[in-house]
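# Understanding the architecture of this molecule
Residues per chain are reported as follows:
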Amino acid sequence: MILTVTLNPCIDKSSTVEKMKPESKLRCSEIVDEPGGGGINVSKALKKLDTTSVALFPSGGNNGNMLCSLLNEENIVFHAVDSKVETRENWIVLESSTVNQYRFTFPGRQVQEETIITLVDQIRSFSPSYVIASGSLPPGLPDYFYGLIVKNAKSVGAKCIVDTSGPALQALQGKGAYLIKPNIGELCKMLNVDWLDKEEVADAAHQAIMDGFAERIAVSMGPEGAWIVSKEERYFATAPKVEKRSTVGAGDSMVAGMTYMMEQNRSLKEIISFGVACGSAATMNEGTQLFKKEDAERLYGEIFQS
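Everything in this summary refers to the structure shown in the same document.

### Quick look at the sheet that holds strand β4 (residues 53-59)
Within the open sheet, the 9 strands sit side by side as β5-β4-β1-β8-β9-β10-β11-β12-β13. Their pairing is mixed. Looking at the sheet topology across the chains shown, the edges are occupied by β5 (77-82) and β13 (234-238). Of the strand pairs in this sheet, β4 and β5 are connected by 6 bridges, and their pairing is parallel. Considered in β5, the bridge of F57 is made with A80.

Printed below as a string of structure tokens:
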């Protein structure tokens, strides 16, 4: 069983406007509300791959009730812990005249540390095979909280995948994560270097493994593709050229695709190829729709054979 953990969930509100103009009343299309946040997006993506997961997250207030209702509508299995504060919301606006996308991301309100500790402690009760912790930390939480998730996952024999950034990512050193997914900039910070050439990425990821950040590292390189590196192997998957409409959820789709393959004990080449396929397929859809399974499978065939 796959358990996703989202410490800072949200309602994603998306709309379209013809042109963004300052000091003007902008006529927007009808708002589309969708459940969001890293782990929740991964659960949504896994469902598109006909794979069941349980989404674990804190929620509160009217937005928290809406989040749970939206997940019920999408038939996503979840367990919500009352946060006692209003769940945040993010805004995504597409400018139709230019196809530029504007993403307004809000930090949310501070959640009591005891609430998150309660949530993290519940990981053990699900007896998962994989735990995917994805997204930002709520305001006020110390950076080590993802390390607690890794510890609880490992205590029940689960492999923990963490997709986060900044100090929370740095704090994973020595904690025993199974896989992390930094971009090149984040990998530089992990190794305390100013710059990495593309040709140096795989060696740098291997060094990060030797430094104790994770057993496997997938380095996202945006529209170029991604590396996956372990102590023994390394593979690069070139991203296919697609018509990009939105980048929302592309990283979470990539994580879902990789986990889907890992659960089937596939090779590293298959894992990274399908991850890049799902991430690329997600960019083909507007708003926060993630990907279509048929697009991901078609792109996977192209990537794996290239």
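### Let's talk about a positive patch on the surface
Taken together, K47, K48, R245 and K292 make up a surface patch of like positive charges. For K48, the location among the structural elements is in helix α1 (residues 38-48). For K48, a relative accessible area of 33% puts it in the partly exposed group.

### A closer look at the sheet that holds strand β3 (residues 32-36)
The strand order across the open sheet built from 4 strands is β3-β2-β6-β7, with neighbouring strands paired in mixed fashion. Among the strands making up the open sheet, the edge pair consists of β3 and β7 (100-104). In this sheet, adjacent strand axes meet at a mean angle of 25° when their direction is disregarded. Across 5 bridges, strand β6 (residues 88-95) lies against β7 in antiparallel orientation. Each bridged residue has a counterpart across the sheet, and for L94 the counterpart in β7 is Q101. Contacting β2 (10-17), β3 and β6, helix α2 (residues 61-73) crosses the sheet at an angle of about 90° to β3.

### Thoughts on the side chain of T164
Checked against the element boundaries, T164 lands in the loop between β9 (159-163) and α5 (166-170). Looking at T164, its side chain comes within polar contact range of the main-chain oxygen of G135, at 3.1 Å. Contact partners of T164, with chain neighbours within four places excluded, come to G135, Y146, L169 and E186.

### Re helix α7 (residues 201-210)
All of the buried residues in α7 are V201, A202, A204, A205, A208 and I209. One face of α7 carries all of its buried residues, which in axial projection span an arc of 160°. Of the residues flanking the end of α7, it is G212, one or two places downstream, whose phi is positive at about 90°.

The rules we used
Residues numbered from 1 in each chain as written. Predicted model: local features only at pLDDT ≥ 70, side-chain atom pairs only at ≥ 80, totals over all residues. Heavy atoms only, no water. Pairing = 2+ DSSP bridges. Helix = DSSP H or I, 4+ residues; strand = E, 2+ residues; numbered from the N terminus. Patch = residues over 30% accessible without salt bridge, like charges linked within 9 Å, V, L, I, M, F, W, Y side chains within 5 Å. Areas by Shrake-Rupley, 256 points an atom, 1.4 Å probe, with all protein chains shown as cover. Salt bridge = Lys/Arg side-chain N within 4 Å of Asp/Glu carboxyl O. Lys, Arg positive; Asp, Glu negative; His and termini not counted. Charge placed at Lys NZ, Arg CZ, Asp CG, Glu CD. Buried < 20%, exposed > 50% of the residue type's maximum accessible area, 1.4 Å probe, protein only. Axes fitted to C-alpha atoms, helices over the stretch in contact; angles between N-to-C directions. Contact = heavy atoms within 4.5 Å. Polar contact = N/O pair within 3.5 Å; in protein donor to acceptor, adjacent residues only side chain to side chain. Arc of directions from axis to C-beta.

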